[in-house]
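Residues per chain are reported as follows:
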Amino acid sequence: MQLLLLLVASALLCLVAANPAVYNYYRLPSSLRPQKYNLRILTHLDDEKALRFEGTVKIRMEVLKNTNNITLHSKNLTIDEAQIKLSDTKNAKQANCITKTESNPHHDYYVMHTCQELKAGAIYELTMPFEAELNRQLEGYYRSSYKDPTTNKNRWLSITQFEPASARLAFPCFDEPEYKAPFVVTLGYHKRFTGLSNMPVKVIKPNDKLTDYVWCEFEESVPMSTYLIAYSVNEFAFKPTTLPNSTLFRTWARPNAIEQCDYAAEFGPQVLQYYEQLFGIKFPLPKIDQIAIPDFSAGAMENWGLVTYREIALLYSSAHSALADKQRVASVVAHELAHQWFGNLVTMKWWTDLWLNEGFATYVASLGVENINPQWRSMEQESLGNLLTIFKKDALETSHPISRPIEMVSEISESFDQISYQKGSTVLRMMHMFLGDDSFRGGLQNYLQKFSYNNAEQDNLWESLTEAAHKYRALPKSYDIKTIMDSWTLQTGYPIINITRDYAAGNAKLTQERYLLNTQIARASLGGCWWVPLSYTIQSEQDFNNTAPKAWMECGKAGEKLPKTISGLPGKDQWIIFNTQLSTLYKVNYDENNWKLLIETLTNGEFERIHVINRAQLIDDALFLAWTGEQDYEIAMSLVQYLQREREYIPWKAAFENLKRLKHIIRQTPNYDFFKRYIKKLVTPIYRHLNGMNDTFTSIQQQDQVLLKTLVASWACLYKVDDCVPVAVDYYRAWRAEATPDQKNPVPINLRQTVYCTAIRNGDDADWQFLWMRYKNSNVAAEKRTMMAALGCSMQVWQLQRYLELTFKPEEGIRRQDSMWAFQAVAYNEIGFHLARDYFMDNVDFIYNFYHPIIKDMSRLLPAFSDQIFTQADYEHFRDFVMNKRSSLKGLEQAMQQTLETMLVNVQWKERNYRKISRSIEDLLD
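Residues numbered from 1 in each chain as written. Predicted model: local features only at pLDDT ≥ 70, side-chain atom pairs only at ≥ 80, totals over all residues. Heavy atoms only, no water.

Moving on to the overall build of the protein. Across its full length, the protein carries 30 helices and 29 strands. Taking 2.2 N^0.38 as the reference for a compact globule, 926 residues should give roughly 29 Å; the C-alpha atoms of the protein span a radius of gyration of 29 Å, in line with that estimate. If you line up the protein on its principal axes, its C-alpha atoms span 95 × 75 × 60 Å. For the protein, contacts bridging at least 24 residues in sequence account for 72% of all contacts bridging at least 6. Accessible area of the protein: about 35,100 Å², with a carbon and sulfur share of 48%. Separation between the mean location of the 100 positive side-chain charges and that of the 106 negative ones in the protein comes to 1 Å. (Helix = DSSP H or I, 4+ residues; strand = E, 2+ residues; numbered from the N terminus. Rg over C-alpha atoms; globule rule 2.2 N^0.38 Å. Contact = heavy atoms within 4.5 Å. Areas by Shrake-Rupley, 256 points an atom, 1.4 Å probe, with all protein chains shown as cover. Lys, Arg positive; Asp, Glu negative; His and termini not counted. Charge placed at Lys NZ, Arg CZ, Asp CG, Glu CD.)

Now for the sheet that holds strand E3 (residues 67–73). Pairing is antiparallel across the open sheet formed by three strands, whose spatial order is E3-E6-E5. Each edge of the open sheet is held by one strand with a lone partner, namely E3 and strand E5 (98–104). Looking at each pair of strands side by side, their axes are set apart by 25 degrees on average, direction ignored. For E3 and strand E6 (residues 109–118), the ladder comprises six bridges, and the chain directions are antiparallel. What sits directly across from Leu72, in E6, is Tyr110. (Pairing = 2+ DSSP bridges. Axes fitted to C-alpha atoms, helices over the stretch in contact; angles between N-to-C directions.)

Our focus in this paragraph is the state of the cysteines. When the sulfur atoms of two cysteines share a covalent bond, that bond is a disulfide. The tally for this structure, following the rule as stated, stands at four disulfides. Here Cys97 engages in a disulfide with Cys115; their sulfurs sit 1.5 Å apart. With the S-S dihedral at roughly -90 degrees, the linkage between Cys97 and Cys115 falls on the left-handed side. Placement of the pair is Cys97 in the loop between strand E4 (85–88) and E5 and Cys115 in strand E6, with a sequence separation of 18 residues. Residue classification places Cys115 among the partly exposed residues on the basis of a relative accessible area of 35%. One disulfide in the model links Cys717 with Cys724; its S-S distance is 2.0 Å. Because the sign of the S-S torsion sets the handedness, a value of about -90 degrees for the bond joining Cys717 and Cys724 places this disulfide among the left-handed ones. Assigned by exposure class, Cys717 and Cys724 land together as buried. (Disulfide = S-S within 2.5 Å. Buried < 20%, exposed > 50% of the residue type's maximum accessible area, 1.4 Å probe, protein only.)

This next bit is on the environment of Asn762. Inspection of the secondary structure assignment puts Asn762 in the loop between helix H20 (752–761) and helix H21 (765–777). Measuring from C-alpha to C-alpha, the distance between Asn762 and Cys793 comes to 9.0 Å, with 31 residues separating the pair along the chain. In terms of polar contacts, Asn762 uses its side chain to reach the backbone carbonyl oxygen of Thr758, at 2.8 Å. (Polar contact = N/O pair within 3.5 Å; in protein donor to acceptor, adjacent residues only side chain to side chain.)

Now for the nonpolar core. In terms of nonpolar packing, the biggest core is built from 321 residues, with Phe171, Tyr231, Tyr275, Phe578, Phe840 and Phe878 touching the most fellow members. Not counting the four nearest positions on each side in its chain, Tyr275 is found in contact with Gly280, Ala334, His335, Leu337, Ala338, Trp341, Val364 and Ala365. (Core = buried A, V, L, I, M, F, W, Y, C linked by side-chain atoms within 4.5 Å.)

Pairing of side chains with opposite charge becomes possible as their charged atoms draw close. Considering all chains together, one arrives at 49 salt bridges under this definition. Measuring nitrogen to oxygen at the nearest pair gives 2.8 Å for the salt bridge that ties Lys119 to Glu117. Look at Glu117 and you get partly exposed, because its relative accessible area is 31%. One salt-bridge network, in which partners are shared between bridges, spans Asp46, Asp148, Arg155, Arg192 and Glu235. (Salt bridge = Lys/Arg side-chain N within 4 Å of Asp/Glu carboxyl O.)

Next up on the list: the packing of helix H29 (residues 872–884) against helix H30 (residues 893–925). As a packed pair, H29 and H30 sit with axes 9 Å apart at the nearest point and diverge in direction by 170 degrees. Looking at the two axes, H29 sits roughly antiparallel to H30. The hand of the H29/H30 crossing is left-handed. When H29 is examined against H30, the residues Gln872, Tyr875, Phe878, Arg879 and Val882 are found in contact with a partner set consisting of Met896, Thr899, Leu900, Met903, Leu904, Val907 and Glu911. Residues of the contact of H29 with H30, tallied by class, amount to eight nonpolar, two polar and two charged. (Parallel < 35°, antiparallel > 145°, perpendicular 65-115°, else oblique. Left-handed = near helix turned anticlockwise from the far one by under 90°. Nonpolar A, V, L, I, M, F, W, Y, C, P; charged D, E, K, R; others polar.)

With respect to the element layout, Glu102 can be found in strand E5. For the buried Glu102, which has no salt bridge, the nearest side chain bearing the opposite charge is Lys100, at an N-O separation of 4.4 Å. Within the local environment of Glu102, its side chain forms a polar contact with the side chain of His113, the two groups lying 2.8 Å apart.

A few words now on a positive patch on the surface. Among the surface-exposed residues, Arg40, Lys58, Lys85 and Lys205 lie close enough to one another that they form a single positively charged patch. With respect to the secondary-structure elements, Lys205 resides in strand E12 (residues 201–206). (Patch = residues over 30% accessible without salt bridge, like charges linked within 9 Å, V, L, I, M, F, W, Y side chains within 5 Å.)

On to H29. In this model H29 runs 18 Å from its N-terminal to its C-terminal C-alpha over 13 residues, within 8% of the 18 Å that 1.5 Å per residue would give. Elements that come into contact with the buried residues of H29 comprise helix H25 (832–842), helix H26 (844–851), helix H28 (863–868) and H30. (Expected span 1.5 Å × (residues − 1).)

As a further point, take the sheet that holds strand E11 (residues 194–197). Within the open sheet, the four strands sit side by side as E8-E9-E14-E11. Their pairing is antiparallel. Unpaired on one side and paired on the other, strand E8 (140–147) and E11 mark the two borders of the sheet. Averaged over all adjacent pairs, the angle separating strand axes in this sheet is 15 degrees, with direction ignored. Note: E11 against strand E14 (residues 231–234), four bridges, orientation antiparallel. Residue pairing in the sheet places Ser197 in a bridge with Tyr231 of E14.

Below, the discussion takes up the pairing of strand E10 (residues 183–190). With eight of its eight residues buried, E10 lies for the most part within the structure. Alignment of strand E1 (residues 32–44) against E10, held across six bridges, turns out to be parallel. Counterpart to Ile41 in the pairing with E10 is Leu187. Where E10 lies against strand E13 (residues 213–218), five bridges are found, and the strand directions are antiparallel.

The next thing to look at is the pairing of E12. Examined bridge by bridge, E12 and E13 share five bridges and lie antiparallel to one another. Directly across from Val203, in E13, lies its bridge partner Glu217. Here E12 folds back onto E13 in antiparallel fashion, the turn holding six residues, of which Asp212 has a positive phi close to 65 degrees.

End to end, H21 covers 18 Å across 13 residues, agreeing with the expected 18 Å (1.5 Å per residue, within 8%). If you check which residues of H21 are buried, you get Asp767, Trp768, Phe770, Leu771, Trp772, Arg774 and Tyr775. Those residues of H21 hidden inside the fold are in contact with helix H19 (724–736), H20, helix H22 (781–791) and helix H23 (797–807).

Looking at the protein, the pLDDT average stands at 93 and 97% of residues meet or exceed 70. Under a pLDDT of 50 for its full length, residues 1–18 has, in the predicted model, eight contacts with residues more than four places off or in other chains. (pLDDT = per-residue confidence, 0-100.)

Turning our attention to unusual backbone geometry. Of note, the amide linkage connecting Glu163 to Pro164 takes the cis form, showing an omega dihedral of 5 degrees. You can see Pro164 is positioned in the loop between strand E9 (154–161) and E10. Residue His852 is joined to Pro853 through a cis peptide bond whose omega torsion reads 10 degrees. Position of Pro853 among the secondary structure elements: in the loop between H26 and helix H27 (856–859). The phi torsion at Arg377 lies on the positive side, around 55 degrees, for a residue other than glycine.

A complete count under the given rule lists 71 aromatic pairs for this structure. Between the aromatic rings of Tyr263 and Phe267, the centroid separation amounts to 5.8 Å while the plane-to-plane angle is 25 degrees, which identifies the pairing as stacked. With a gap of four residues between them, Tyr263 and Phe267 both fall in helix H2 (residues 262–279), about one helical turn apart. For the pair Phe808 and Tyr851, a centre-to-centre distance of 6.3 Å together with 85 degrees between the ring planes defines the contact as edge-to-face. Placement of Phe808 in the loop between H23 and helix H24 (819–827) and of Tyr851 in helix H26 is noted, with a sequence separation of 43 residues between them. For Phe808, a relative accessible area of 4% corresponds to the buried category. For Tyr851, a relative accessible area of 1% translates into the label buried. An aromatic cluster is defined as three or more aromatic residues linked by ring pairs; in this entry it consists of Tyr274, Tyr275, Phe279, Phe283, Trp341, Phe342, Trp355, Phe360, Tyr447, Phe451 and Trp462. Directly above the ring of Phe238 sits Arg250, whose terminal nitrogen or CZ lies 5.5 Å from the centroid. Taking NZ or CZ as reference, Lys587 lies 4.6 Å from the ring centre of Phe624, over its face. (Phe/Tyr/Trp six-rings, centres within 6.5 Å; stacked < 30°, edge-to-face > 60°. Lys NZ or Arg CZ within 6 Å of the ring centre and 35° of its normal.)

And the structure:
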């Protein structure tokens, strides 16, 4: 069947190529522009064997250039061509019609040729009927379901997911973000259901043709891009929240999960009000709904006025969800509501500037969460987490710029990645810190006001921010934001700043080059220059609060690197630290003496006077530089030793992220025993300081200490520190002994991931089956995710093989959107890795079809392979597999390139550093 589809698609493309009359450019023609849509859809959810919809769209269009055809997007819709109508709104007597239609499946075009030429300045109304099934593909207008606990039968609902280019699956339209227009949506459905859309309900009327059906018409919307249109027919319940500005705010979920909406219903309005103050613009719509969907491919989607979420991203249960789960809900809600301004009110002109949506929403969300819950210290955690991600991802040659050309729909989907989100957020944080709050906020407000209800490009943002920067004197008049920020958004990667101090002269020479993990590539040959704001502090002042640049590394007019000399520095007895609070995306390599001064302070001095983020920075930089050979592992591991004194979450987070990379390789070698002993020695002091596995969470004052205890416990039990394993197993046995384990669970909430994993790792099949049953019975998405991960901790080959089989059978209880979490759980297990790799390679065609058309979900299976393959033979074996299975990996080209490059980097590390780090660890154990 797959081959047949490919042959059909190929034949259609050849037909397009052979017939130049068929429009074949990747952007719509500019001859027409929609002025208004009337969208009328009848949804049938009564018969689960015939779940479908039918509808009519009326598009009022302005003719901008004379044309003989109308080109729209339409995909997988049945259109009755005989019922298409075209009329001139100014001259009803002037008849026009459609002579013929044709399709271009490569770009999803539906082309209608008109009887008479459409003249510039005329306004036409196009009416088109359409119908299709409610698909199972989690895109377009599709169906989802959940079990009714009272009847144990499926309850069906319909929902939309149109971003980036799937409105065309639901109705014929101009499916590009620049074609904004108002929408009037009318939904038809059985009266037992509820209809939701972007706007409030205007009127509900009986359907005069179908008994017990109604028509629900919604208010006309503001001008919107098609990817933001949303509607749903469901039987959900909701939690209302009253806002002082009269905006209607509701949080929806299936009825047996409505009590899990309390936190989102409380937090959402708070962050919405914060954004109104931050942006200086009231929320533009009269209402906003947020709704938890059982089957949902994205984490969440910012549809204007009807925000859709995976259940795990919106629902929170204080009895079953950990602090990390609560923080995730806050972060995702804050992200989606930030989009109501960045993305919805002002939208990128084309997907090249997707980061203007996603990077901004990611960064602004961290401001919102920090403002409402400062006790979480989530701004520090979010900033560091983003940086750690990008330091690894963007150090690949196969990475890509934040802003990059897009010429295919598949390329749009690939851009929804860590570069658009985390790197976009990181460079915005950098800009905020070097501009200051007044300039940054003033520039954003000016940008949003200037382009409200319209589209913009990144240059428009740079203009607004430059104007504000000069107004508030945050930048010299000779500097402009475009010159600075284009160096971060239009080129791939980030720099490493090499600092060579002249201690006698009291200065330091700084040079920059692109940092790469692949040491076979000559960095100098790649070029690239970044405008780098240089903040720093010295040992005698230790001023880490000042993140404003004291100097800049500049680039020449031709983009060449210009070295920089910093004067007025102390002598050889004092260290210097660049990049205060990691305000900018770059790595720092000092000379050996400066590293030793820093290690001395960390191990024997007042290490806490170094800002906590900079302590994390030093750990990450030292271990990364040792990985690529710029620094000796003796220096790096000596620095990491100070962690036995460290009591803060963020430095431990940085350390464990790096040690995890080493673990994935070393555990497959003869020297793993030394590594285990080393980790045990490193973790024991902090494990004891946090009172081990005792349930002390209620007495913890700082919320990030909860996260630290959770993190430390997972490593302590894995490496059998003190009593970690027996205590975890006892917790699990106590749970198994409960008469009603689905209602009563004695395991501390924040330790459940560690307890479950440890018990499964050290248990038998009865332990596994017990947790599998709890998973199937659970009503809480976050709890199900925790259990799903733990089920992959087994050390029994047959259990892991069985779990892999269950992962890709949704009827067994794991929804398709969650399958990658179960797969990753097995694949990151040292026993399960080879099983998962073989399963993937043997079943790649089946897996591809399982995820199609949301292929990006399949890419989430790959990191487990790239992180753990480290021999030349295994690398070449996987590379040959990729070459031979290109047709089964279509749409994953970028992910596969990055997977193979990461494997090659691991091979290089093994050949260069394995013996060095083994010796360093042995020395530390003496």
